[in-house]
Amino acid sequence: MYARKFRKEQAHEDGIWCCAWSKFEKENFEIIATGSVDDKIKIWSWQRENLELRHTCEGHQLGVVSVDINNTGSIIASSSLDAMIRIWDVESGKPIKTIDASPADAWTVSFSPDGKNIASGSYSGKVNVFNLDTGKKETNFQVDEKGKFTMSISYSPDGKYLACGSIDGFVYIYDLEANKLLHSFEGHAMPIRSLAFSPNSQVICTGSDDNYIKVFDVQNAKVTGTLSGHGSWVLSVAFSPDNIHFVSSSSDRTVKVWDREKLKCVHTFYEHQDQVWGVKYNPSATNIVSVSEDRSINVYEVPANQ
């Protein structure tokens, strides 16, 4: 059954812009990271259906726009309007490293599946890839020849591709093994704020300011579905580990769960009082977390068979 299981009011001192969910393998529990306009990252443990604050990470000078957690749940990367990428230790909450991506050149951050690199989109249509150990820029490549702002970015789970969504609605799929742009195509008429690969790396879904979600086949760059239902900007999309469902959040204050195969919405949550900036599934596909401008964190139950 679909239901809100938990709500944390006033989780930050200002709107919450981003979230990530992973399993901390060392201690065998799940962690949620949230980033806010209050410049802070918070690390929460999710155990026994309760969200408990473990660490508050301070260091960014401006609002935190993106967080990601590596596959083992041991390290968090965050990016901010201060153009810094900061790396944090989950266990201690302490900073490990700061990467200067200035001027104004860090937006969405994404760990590579092997955890060795962090990719970040930029204002100039470039993707910067940083080595986690050295903190140095390992490579950068131009995905958007028009030099448009790369708003969203995601590695494919198999590590072969990097997908980017641009402010002008274009989608770019970069082949990391061949070191070349595989596809570029117009996905939306407006900015793509979020995109996500399916767990099998074969499908991408995108969310845009045009209120639509689109589903693409990675290999041939064909649109396999256009989904409407949100009444305003689609701010975040995330796939379920079950490879069938995905979740979206919007400025219309709702969180929607979709069936990729049937191309329809299967449930809508109306649990926030303001726009919902971020959504993520947990690793076992049984829960969804959402974060909002209303400063709250919601955790929802998702039926196992959906």
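Presented here is a report on the structure given in the accompanying data block. (Residues numbered from 1 in each chain as written. Predicted model: local features only at pLDDT ≥ 70, side-chain atom pairs only at ≥ 80, totals over all residues. Heavy atoms only, no water.)

Let us now look at the sheet that holds strand S23 (residues 245-250). Strand order in this open sheet of 4 strands is S22-S23-S24-S25, and the pairing throughout is antiparallel. Among the strands making up the open sheet, the edge pair consists of strand S22 (234-239) and strand S25 (264-269). The sheet shows a mean angle of 25° between the axes of neighbouring strands, taken without regard to direction. Bridge count for strand S24 (residues 255-259) against S25 is 5 bridges, and the pairing is antiparallel. Residue pairing in the sheet places Trp 258 in a bridge with Cys 265 of S25. (Pairing = 2+ DSSP bridges. Helix = DSSP H or I, 4+ residues; strand = E, 2+ residues; numbered from the N terminus. Axes fitted to C-alpha atoms, helices over the stretch in contact; angles between N-to-C directions.)

The next point concerns the pairing of strand S20 (residues 213-217). With 4 of 5 residues buried, S20 lies mostly within the body of the structure. Bridging between strand S19 (residues 203-208) and S20 involves 5 bridges; their strand directions are antiparallel. The partner of Cys 205 across the bridge, within S20, is Val 215. Of the strand pairs in this sheet, S20 and strand S21 (residues 222-227) are connected by 5 bridges, and their pairing is antiparallel. When the sheet's bridge partners are listed, Phe 216 is paired in S21 with Val 223. Here S20 folds back onto S21 in antiparallel fashion, the turn holding 4 residues, of which Ala 221 has a positive phi close to 55°. (Buried < 20%, exposed > 50% of the residue type's maximum accessible area, 1.4 Å probe, protein only.)

One open sheet accounts for 4 strands, arranged S1-S28-S27-S26; its pairing is antiparallel. The open sheet has two free edges, formed respectively by strand S1 (3-8) and strand S26 (276-281), since each of these has just one partner strand. Adjacent strand axes in the sheet meet at a mean angle of 20°, parallel and antiparallel pairs treated alike. Two strands pair when backbone bridges link them, and S1 and strand S28 (residues 297-301) are joined in this way by 5 bridges, in the antiparallel orientation. Within the sheet, the bridge partner assigned to Lys 8 lies in S28 and is Ile 297.

The next point concerns the pattern of salt bridges. One pass over the full model with this rule turns up 7 salt bridges. We note a salt bridge from Arg 7 to Glu 9, for which the minimum N-O separation is 2.8 Å. In this structure, Lys 26 engages Glu 91 in a salt bridge whose closest nitrogen and oxygen atoms are separated by 2.8 Å. With Lys 26 in the loop between strand S2 (16-24) and strand S3 (29-36) and Glu 91 in the loop between strand S8 (84-89) and strand S9 (95-100), the pair connects residues that are 65 residues apart, well separated along the chain. The exposure class assigned to Lys 26 is exposed, which follows from its relative accessible area of 61%. Accessibility expressed as a relative area gives 33% for Glu 91, which makes it partly exposed. Several salt bridges converge on common partners, so that one network encompasses Arg 7, Glu 9 and Asp 294. (Salt bridge = Lys/Arg side-chain N within 4 Å of Asp/Glu carboxyl O.)

Even without glycine at this site, Glu 49 takes up a positive phi of about 60°. Phi angles above zero are rare outside glycine, and Arg 295 is one such case at about 75°. Its place among the elements puts Arg 295 in the loop between strand S27 (287-292) and S28. Its relative accessible area of 30% is what places Arg 295 among the partly exposed residues.

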